[in-house]
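# A look at the structure
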Amino acid sequence: MKGIILAGGSGSRLYPLTLVTSKQLLPIYDKPMIYYPLSVLMMAKIRDILIISTPTDLPRFKALLGDGSKFGIRLSYAKQDKPEGLAQAFIIGKKFIGKDACALILGDNIFYGAGLINHLENSVRRAERYNRSTIYGYYVDNPTRYGVIELDKDNNPVHIEEKPKHPKSNYCVTGIYFYPNDVVKMVNKVKKSARGEYEITTLNNLYLDQKRTHMTLLGRGYSWLDTGTHDALNDASNYVQMIEQHQGIKMACPEEIAYVNKWINKSTLIKIAKSMSKNDYGDHLLKVANGKIIYASSVRDER
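The following refers to the structure shown. (Residues numbered from 1 in each chain as written. Predicted model: local features only at pLDDT ≥ 70, side-chain atom pairs only at ≥ 80, totals over all residues. Heavy atoms only, no water.)

The next thing to look at is the side chain of N261. Within the secondary structure, N261 is located in the loop between α9 (254-260) and α10 (266-275). Owing to a relative accessible area of 17%, N261 belongs among the buried residues under this scheme. A polar atom in the side chain of N261 sits 3.3 Å from the backbone oxygen of M42. (Helix = DSSP H or I, 4+ residues; strand = E, 2+ residues; numbered from the N terminus. Buried < 20%, exposed > 50% of the residue type's maximum accessible area, 1.4 Å probe, protein only. Polar contact = N/O pair within 3.5 Å; in protein donor to acceptor, adjacent residues only side chain to side chain.)

Next comes the structure, spelled out in structure tokens:
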């Protein structure tokens, strides 16, 4: 399984903050926004990741993240000269995907919940073993702003409608998707919409029409945050601050995930921690290295 983080666009809704930097490099409390989607892919045990962004912003992502070796992963980079829809990620990333299944996550989405790792690992297995895609559904009060999932009588997804005037449910599609390898062929069936974009909704409906889609519902105990506006950006920072201060943990800490996954060793983690020893982030990494944080085991199911 390979992963793609789509971190392009102009971020115009966040002007003037994004006039000189990518939206995905803005801080969400104590770390750059890009750390959050990167950590989600790493929690899914995905180690080969492509970051797609603008020609202007790519050098900044490379300066921040490098080749990924400090996280025990491999990072590649590709430019998006012109944003033409979310499904364009599979056109740009076709060679990167190769013969593997692929996950796509949007660079401005934040996910959190105690059972998230289990859901992610199941999504990987569905794509790799059963040739099925996975979408993540989330209840919202204002579904007209999103891609809305139409459900049958058994609450299975049957169709997705983009920003409908009359929504058929209050469940929307979030910004993370898992696909089998044939996504590189399926995306060729996606024609540009009236607004000139390769719509991810069209791609998802192709899989739904073939009855090859599983919907994972993020219900009680899960949070999904889209940080596309000034208020949402501030709310996300406050949310992360509350979680970290109340639970004594760090959200979206790639070094910690790498260590727990045994992708980096203790001495490497301590070295990284000491390079940031004058702040809470470095102190947290030292706690992890010294075994002061206990990790619960997850329970798996297949389908």
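The next thing to look at is helix α2 (residues 58-65). All of the buried residues along α2 are L58, F61 and L65. Along the axis of α2, the buried residues cluster in a sector spanning 60 degrees; they form a single face. At its buried positions, α2 is contacted by α1 (35-43), β4 (48-53) and β5 (74-79). In the segment just after α2, G66 is the residue with positive phi, at about 65 degrees. (Arc of directions from axis to C-beta. Contact = heavy atoms within 4.5 Å.)

Moving on to the side chain of K23. With respect to the helices, strands and loops of the structure, K23 is situated in the loop between β1 (2-6) and β2 (27-28). There is a polar contact of 2.8 Å between the side chain of K23 and the side chain of D108.

It is worth spelling out the packing of α10 against helix α11 (residues 280-289) at this point. The contact between α10 and α11 brings their axes to 8 Å, and the two run at 160 degrees. By the criterion of interaxial angle, the relationship of α10 to α11 is roughly antiparallel. Our pair here, α10 against α11, has a crossing hand that is left-handed. Of α11, the residues touching α10 (which contributes K266, L269, I270, I272 and A273) are G282, L285, L286, V288 and A289. Looking at side-chain class alone, the contact of α10 with α11 contains eight nonpolar, one polar and one charged residues. (Axes fitted to C-alpha atoms, helices over the stretch in contact; angles between N-to-C directions. Parallel < 35°, antiparallel > 145°, perpendicular 65-115°, else oblique. Left-handed = near helix turned anticlockwise from the far one by under 90°. Nonpolar A, V, L, I, M, F, W, Y, C, P; charged D, E, K, R; others polar.)

This model, assessed by the stated rule, comprises nine aromatic pairs. For the pair Y138 and W224, a centre-to-centre distance of 5.7 Å together with 70 degrees between the ring planes defines the contact as edge-to-face. Placement of Y138 in strand β8 (residues 133-139) and of W224 in strand β13 (residues 222-226) is noted, with a sequence separation of 86 residues between them. Of the residues examined, Y138 reaches a relative accessible area of 17% and is grouped as buried. When the ring centre of F96 is taken as origin, the NZ or CZ atom of K2, which lies over that ring, is 5.1 Å away. (Phe/Tyr/Trp six-rings, centres within 6.5 Å; stacked < 30°, edge-to-face > 60°. Lys NZ or Arg CZ within 6 Å of the ring centre and 35° of its normal.)

Attention now moves to the environment of P16. Looking at the element boundaries, P16 is found in the loop between β1 and β2. On a C-alpha basis, the gap between P16 and K262 in space is 41 Å, while along the polypeptide they are 246 residues apart.

With respect to the helices and strands, the residue N181 is situated in the loop between β11 (171-179) and α6 (183-186). Setting aside residues no more than four positions away along its own chain, N181 makes contact with I97, G98, K99, D100 and A101. Looking at N181, its side chain comes within polar contact range of the main-chain oxygen of G98, at 2.8 Å.

This part takes up the nonpolar core. By size, the foremost hydrophobic cluster in this structure holds 52 residues, and its most contacted members are L38, L65, L120 and F178. For this core, the element with the most residues is α1, which contributes six residues. Apart from residues no more than four positions distant in its own chain, L65 is found in contact with I34, Y35, L38, I51, K70, F71, L75 and Y77. Counting residues in hydrophobic clusters, the runner-up holds 30 residues, among them F90, I160, V173 and Y179. (Core = buried A, V, L, I, M, F, W, Y, C linked by side-chain atoms within 4.5 Å.)

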